[in-house]
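Architecture at a glance
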Amino acid sequence: MSFLKPSVLYPSLRWMPCQSWGFLRWPGLDGCLRLLVLFLLWSVFSELRYIPSSSMYPTLAVGDRVILEKATYYIRSPAINDIVTFQDPTELSRDKTANVFIKRIVAKEGDFVEVRHGFLYVNGVAQRENYIAERPTYTTNLTYVPKGHVYVLGDNRNISYDSHVWGALPVKNIIGRYVMRCHRPTNI
């Protein structure tokens, strides 16, 4: 009876499947170019920011880091309940990083908005807002949202500097849309 020698059983190490796995090898020039294109697209169409105030509490807390994407509004119009970052509409500064706010869109162009008796009314209908910190203690007059504008409010209505103070926000001031929270600080 003849036995198989080890050299016959394992002629070389080429049989190992890890030798053919592409991710274990250096990517080469085409792989580096793909990574560069991916990085450029990420940096052009997204942004990482942190939340400096509690105006969006409880949805976003002070110190949260959020990812924003900037491409959506090239394809579609802003929608109700989108959380957006925007330049302060009361400032005439051309610096896009100065005075950037984050708020929730509650009404679009053509809508009538009013806050009374602790409720937000859009087109005369009280809105169910289970995401706000507490009901607003202020009242506003009936406001028409003009073409090319949206009405934005913070989720922490009573301390938020938003459309109830300065009026409708021009859509051209919108920088990006909130996509996700990266980090929520823990209380120590």
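Every chain's residues receive numbers from 1 upward, in the order its sequence appears when written. Side-chain atom pairs in this predicted model are given and counted only at pLDDT of 80 or more, local residue features only at pLDDT of at least 70, and totals for whole chains, interfaces and linings cover all residues. Side-chain measures here rest on the full set of heavy atoms in the structure, leaving out hydrogens and waters.

1. Overview of the overall build of the protein chain
- The numbering of helices and of strands both runs from the N terminus, where a helix is a DSSP run of H or I of at least 4 residues and a strand a run of E of at least 2. What the protein chain contains, in helices and strands, is 4 helices and 11 strands.
- Across the protein chain, every contact between residues at least 6 apart in sequence was considered, and the portion connecting residues at least 24 apart equals 60%.
- Working definition of accessibility: Shrake-Rupley area with a 1.4 Å probe, residue cover restricted to the visible protein chains. Accessible surface computed for the protein chain: about 12700 Å², of which carbon and sulfur atoms make up 60%. Note on contacts: a residue pair is in contact if any heavy atoms of the two residues lie within 4.5 Å.

2. Re the nonpolar core
- The term nonpolar core refers to a set of buried residues drawn from Ala, Val, Leu, Ile, Met, Phe, Trp, Tyr and Cys, joined through side-chain atoms within 4.5 Å. Categorising residues by exposure relies on relative accessible area from a 1.4 Å probe, with only protein chains included: less than 20% of the type maximum marks a residue as buried, more than 50% marks it as exposed, and the intermediate range marks it as partly exposed. By size, the foremost hydrophobic cluster in this structure holds 11 residues: Val 106, Ala 107, Val 113, Val 115, Leu 120, Val 122, Tyr 138, Val 145, Tyr 151, Leu 153 and Ala 168.
- Broken down by secondary-structure element, the contributors of at least two residues to this core are strand 4 (100-107), strand 5 (112-116), strand 6 (119-122) and strand 9 (149-153).

3. Some remarks on unusual backbone geometry
- Cis peptide bonds are those with omega within 30 degrees of zero, and the linkage from Tyr 57 to Pro 58 qualifies with 10°.
- Unlike most non-glycine residues, Asn 81 shows phi in positive territory, near 75°.
- Position of Asn 81 relative to the elements: it lies in the loop between helix 3 (72-75) and strand 3 (83-87).
- For Asn 123, which is not glycine, the phi dihedral falls at a positive 55°.
- Its place among the elements puts Asn 123 in the loop between strand 6 and strand 7 (125-126).
- Residue class for Asn 123 comes out partly exposed when judged on its relative accessible area of 43%.

4. Details of a nonpolar patch on the surface
- Here, patches come from residues exposed beyond 30% relative accessible area and free of salt bridges, joined within 9 Å for like charges and within 5 Å for nonpolar side chains (Val, Leu, Ile, Met, Phe, Trp, Tyr). One speaks of a salt bridge when a side-chain nitrogen belonging to Lys or Arg is within 4 Å of a carboxyl oxygen belonging to Asp or Glu. On the surface, a nonpolar cluster with roughly 670 Å² of combined accessible area is contributed by Val 37, Leu 41, Val 44, Phe 45, Tyr 74 and Ile 75.
- For the nonpolar patch, the secondary structure elements donating two or more residues are helix 2 (28-45) and helix 3.
- With 4 residues, helix 2 is the largest single contributor of residues to the nonpolar patch.
- Tracing the backbone through its elements, the reader meets Phe 45 in helix 2.
- Since its relative accessible area comes to 35%, Phe 45 is described here as partly exposed.

5. Remarks on the UniProt feature "active site" (unreviewed entry) in the protein chain
- Under the feature "active site" (unreviewed entry), the UniProt entry names Ser 55 and Lys 103. Judged by maximum C-alpha separation, these annotated positions cover 49 residues in sequence but sit close together in space, the widest gap being only 8.0 Å.
- Topologically, Ser 55 is positioned in the loop between strand 1 (46-50) and strand 2 (65-69).
- If we skip the residues at most four places from it in the chain, Ser 55 touches Ile 102, Lys 103, Gly 154, Asp 155, Asn 156, Ile 159 and Ser 160.
- Engagement of the side chain of Ser 55 in a polar contact is seen with the side chain of Lys 103, the distance being 2.8 Å.
- Residue classification places Lys 103 among the buried residues on the basis of a relative accessible area of 2%. UniProt positions are given in the numbering used here, feature names are shortened, and annotations may be inferred rather than shown by experiment. What qualifies as a polar contact is a pair of N or O atoms within 3.5 Å, subject to a donor-acceptor requirement within protein and to the restriction that residues adjacent in sequence count only when both atoms come from side chains.

6. Here's the deal with the sheet that holds strand 6
- Strands are treated as partners if at least two bridges between them are detected by DSSP. Within the open sheet, the 4 strands sit side by side as 7-6-5-8. Their pairing is antiparallel. The open sheet terminates on both sides in strands that have one partner only, identified here as strand 7 and strand 8 (143-144).
- Two elements, strand 5 and strand 8, share 2 bridges in a ladder whose sense is antiparallel. For Phe 112, the partnering residue across the bridge sits in strand 8 and is Tyr 144.

7. Remarks on the packing of aromatic side chains
- To pair, rings of Phe, Tyr and Trp, with the six-membered ring standing in for Trp, must have centres within 6.5 Å; the planes then decide the type, stacked if under 30 degrees apart, edge-to-face if over 60, and tilted in the middle. Within this structure, the stated rule accounts for 5 aromatic pairs.
- Aromatic side chains Tyr 161 and Trp 166 sit 6.4 Å apart centroid to centroid with 65° between the ring planes, which places their arrangement in the edge-to-face category.
- With a relative accessible area of 17%, Trp 166 lands in the buried category.
- In this structure, Arg 104 is placed above the aromatic ring of Tyr 131, and the distance from its NZ or CZ to the ring centre is 3.8 Å. By definition, being over a ring means that NZ of Lys or CZ of Arg is both within 6 Å of the ring centre and within 35 degrees of the ring normal.

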